[in-house]
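Fold and geometry: a report
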Amino acid sequence: MPQGISTLAADAPTLSAANTGFMLICSALVMLMTPALAFFYGGMVRVKSTLNMLMMSFISLGIVTILWVLYGFSLAFGTDSGSIIGWSSDYVGLSGIGLTELWDGYTIPVYVFAVFQLMFAIITPALISGALADRVKFTAWALFIALWVTIVYFPVAHWVWGTGGWAFELGVIDFAGGTAVHINAGAAALGVILVIGKRVGFKKDPMRPHSLPLVMLGAGLLWFGWFGFNAGSWLGNDDGVGALMFINTQIATAAAMLAWLAYEKIRHGAFTTLGAASGAVAGLVAITPSGGSCSPLGAIAIGAIAGLLCAMAVGLKYKFGYDDSLDVVGVHLVGGVVGSILIGFFATGGGQSTAAGLFYGDHKLDQLWKQLAGVGAVLAYSLVASAILAFLIDKTIGMRVSEDVEVSGIDQDEHAETAYDFSGAGGGAGSRKDVPAPGETVAAADRNKKVDA
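Criteria and cut-off values
- Residues numbered from 1 in each chain as written.
- Predicted model: local features only at pLDDT ≥ 70, side-chain atom pairs only at ≥ 80, totals over all residues.
- Heavy atoms only, no water.
- Salt bridge = Lys/Arg side-chain N within 4 Å of Asp/Glu carboxyl O.
- Helix = DSSP H or I, 4+ residues; strand = E, 2+ residues; numbered from the N terminus.
- Buried < 20%, exposed > 50% of the residue type's maximum accessible area, 1.4 Å probe, protein only.
- Core = buried A, V, L, I, M, F, W, Y, C linked by side-chain atoms within 4.5 Å.
- Contact = heavy atoms within 4.5 Å.
- Phe/Tyr/Trp six-rings, centres within 6.5 Å; stacked < 30°, edge-to-face > 60°.
- Expected span 1.5 Å × (residues − 1).
- 1 Å grid on protein atoms, 1.4 Å probe; cavity = no way out; pocket = protein on both sides within 12 Å on 5 of 7 lines; lining within 4 Å.
- Points joined across faces, edges and corners; volume = space filled by probe spheres on them.
- Axes fitted to C-alpha atoms, helices over the stretch in contact; angles between N-to-C directions.
- Parallel < 35°, antiparallel > 145°, perpendicular 65-115°, else oblique.
- Left-handed = near helix turned anticlockwise from the far one by under 90°.
- Nonpolar A, V, L, I, M, F, W, Y, C, P; charged D, E, K, R; others polar.
- pLDDT = per-residue confidence, 0-100.
- Patch = residues over 30% accessible without salt bridge, like charges linked within 9 Å, V, L, I, M, F, W, Y side chains within 5 Å.
- Areas by Shrake-Rupley, 256 points an atom, 1.4 Å probe, with all protein chains shown as cover.
- Polar contact = N/O pair within 3.5 Å; in protein donor to acceptor, adjacent residues only side chain to side chain.

Topic: the pattern of salt bridges
- Counted under the stated rule, the structure contains 6 salt bridges.
- Arg199 is the salt-bridge partner of Asp134, the closest N and O atoms lying 3.4 Å from each other. Of this pair, Asp134 sits in the loop between helix H3 (110-128) and helix H4 (138-161) while Arg199 sits in the loop between helix H6 (178-196) and helix H7 (212-231), placing them 65 residues apart in sequence.
- With its nearest N and O atoms 4.0 Å apart, the salt bridge here joins Arg135 to Asp323. Of this pair, Arg135 sits in the loop between H3 and H4 while Asp323 sits in the loop between helix H11 (316-320) and helix H12 (328-346), placing them 188 residues apart in sequence. Pair check on accessibility: Arg135 and Asp323 agree, each one buried.
- When salt bridges that share partners are traced, they join Arg46, Asp134, Arg135, Arg199 and Asp323 into one network.

This is the structure:
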């Protein structure tokens, strides 16, 4: 993602209505990705956890928005301090920003850049939630989001995209979030699940998706929103790089989906809808850091490699015994690592920058080593910091619900609702006055029973 490029006063840009409108649309598309993720994850869990899964994404829209306005934007994109963190008092509360004040070197207002980046900050912790399905207290999750974006996401965003950030200055290429979003979230997911442990019945009870149509709907909306996520990250349409990123997003996603399905057919004998959805997401993840620097043929290769490796990686949780409920580690961590590292091979030098990869003349592997440095640092920091946060929350307010709640269903206990109400169909719990109907609390059922009597 480009930003912080200084210009001479004589060449100073002016506000572009076209670029501003484009970026507002892209911001809305990225916002849509969080509800889309909620549907994607919500369909993958069992019925009794559907609403909790939806809420774990939706709550991020509330918490991160407020923190971003108060201090998050300042920490991520304020004046650099030690190449680690930013801070600008004018960005605190977004109160010192003029309506037509432009983001440095670009033709869009600071407010537009801030809201676009806000949507990235929102979806990143939401991605983590898929690894924690069925077993985390909602209050603990809300607290984790607030602490995690403050301690992990905001600093990492500054490293990667903030002027003066060490990764930005080193020349690590991350067009739209391979390190800052996907590796960051995937490593965090791994750190948390190593602390909180497995679901009750992991590797014993069937834990199949309850609604594959919901999964496909979520995947389709993610694919749609991802064009804003990726193409918008060039912050304008003046030189064709955003268009390159747009088409590479489509190409890599298609290639990854086909590669995942081919692997499934060879390994398991069937083409599954879950595989198609997961493969598409793997391709989207992998092309996110790399699509502005590779050619369309390179996008095919990156997508196909990511689809194959992510399909193989999702089974590692059974081999190593970590319970990554909805394959956040297998898809987002592995896909982010693959897409970021392959820049060191497939960067053409003719896209977002002149940096080239091994296949295009970089025989000293300069860009590959830069990519490895960025990947390794973000992965290690997020993994360790996230595990420490989960440990501290677990030892204070408790991170997990009780085993009884997990077995009976987290939706009813944490949200006093259920995803599907079949009481009108006749029979079932809703037809008895001494048993709560779906979506009805025990106290409400008891009160209604007394009224009826």
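So that's the structure; there's more coming.
Details of the nonpolar core
- Judged by nonpolar contacts, the single largest core of 111 residues is most densely connected at Phe40, Phe73 and Leu132.
- Looking at this core element by element, the count peaks at 15 residues for H4.
- Setting aside its immediate chain neighbours within four residues, Phe40 contacts Leu214, Val215, Gly218, Ala219, Leu222, Ala277 and Val281.
- Membership of the second largest hydrophobic core comes to 10 residues, among which are Ala252, Cys294, Ile302 and Ala306.

Examining the packing of aromatic side chains
- Tallying each qualifying case throughout the model produces 27 aromatic pairs.
- Considering the side-chain rings of Trp68 and Phe73, the 5.6 Å spacing of their centres and the 50° angle between planes classify their relative orientation as tilted.
- On the accessibility criterion, Phe73 (0% relative accessible area) is buried.
- Clustering of aromatic rings is evident, with ring pairs tying together Trp68, Tyr71, Phe73, Phe77, Tyr91, Trp103, Phe113, Trp148, Tyr153 and Phe154.

Topic: H12
- For H12, with 19 residues, the first-to-last C-alpha span of 25 Å sits near the 27 Å given by 1.5 Å per residue.
- Of all 19 residues in H12, 16 are buried, a share of seventy percent or more.

Brief notes about empty space enclosed by the protein
- Applying the stated criterion across every chain, the model contains 3 cavities of 30 Å³ or more.
- Space inside the largest cavity adds up to approximately 60 Å³.
- For the largest cavity, the full set of lining residues is Phe40, Tyr41, Met44, Ser278, Val281, Leu326, Asp327, Val331 and His332.
- Of all elements in the fold, only helix H1 (17-44), helix H9 (273-290) and H12 reach the threshold of two or more residues within the lining of the largest cavity.
- For the lining of the largest cavity, the element with the highest residue contribution is H1, accounting for 3 residues.

With respect to the packing of H1 against H3
- Packing of H1 against H3 leaves a shortest axis separation of 9 Å and a crossing angle of 10°. One element, H1, and the other, H3, form an angle in the roughly parallel class. The chirality of how H1 crosses H3 is left-handed. Only Val112, Val115, Phe116, Met119, Phe120, Ile122, Ile123, Ala126 and Leu127 of H3 make contact with H1, whose side of the interface consists of Thr20, Met23, Leu24, Cys26, Ser27, Val30, Met31, Met33, Thr34, Leu37 and Tyr41.
- Here the contact of H1 with H3 is composed, by residue class, of 17 nonpolar, 3 polar and no charged.

Observations concerning the environment of Gly62
- Looking at where Gly62 falls in the secondary structure, it is placed in helix H2 (residues 50-77).
- Overall, the relative accessible area of 37% leaves Gly62 in the partly exposed class.
- With 60 residues separating them in the primary sequence, Gly62 and Ile122 have C-alpha atoms 8.6 Å apart.

Some points on the confidence of the model for the protein
- Chain-level pLDDT for the protein is 92 on average; 91% of the residues reach the 70-or-more range.
- Contacts from residues 428-453, a stretch scored under 50 in pLDDT, to residues over four places away or in other chains number 29 contacts.

Here's the deal with a nonpolar patch on the surface
- A surface patch of nonpolar side chains, amounting to about 280 Å² of accessible area, comprises Leu143, Leu147, Ile151 and Ile397.
- As for its position among the elements, Leu147 is in helix H4.

Let's talk about the environment of Lys203
- Checked against the element boundaries, Lys203 lands in the loop between H6 and H7.
- Lys203 sits in the exposed class, given a relative accessible area of 51%.
- Along the chain, Lys203 and Asp323 lie 120 residues apart, while their C-alpha atoms are 9.0 Å from each other.
- Excluding residues that lie within four positions of it along the chain, Lys203 makes contacts with Tyr318 and Gly321.
- Within the structure, Lys203 has its side chain in polar contact with the backbone oxygen of Tyr318 (distance 3.3 Å).

Topic: the layout of surface pockets
- Empty space within the largest pocket amounts to approximately 670 Å³.
- Together, 26 residues line the largest pocket, and Leu274, Val314, Lys317, Tyr318 and Asp327 are the ones closest to its centre.
- Those elements giving two or more residues to the lining of the largest pocket turn out to be helix H8 (241-268), H9 and H11.
- When residues in the lining of the largest pocket are grouped by element, the largest group, 5 residues, is from H8.

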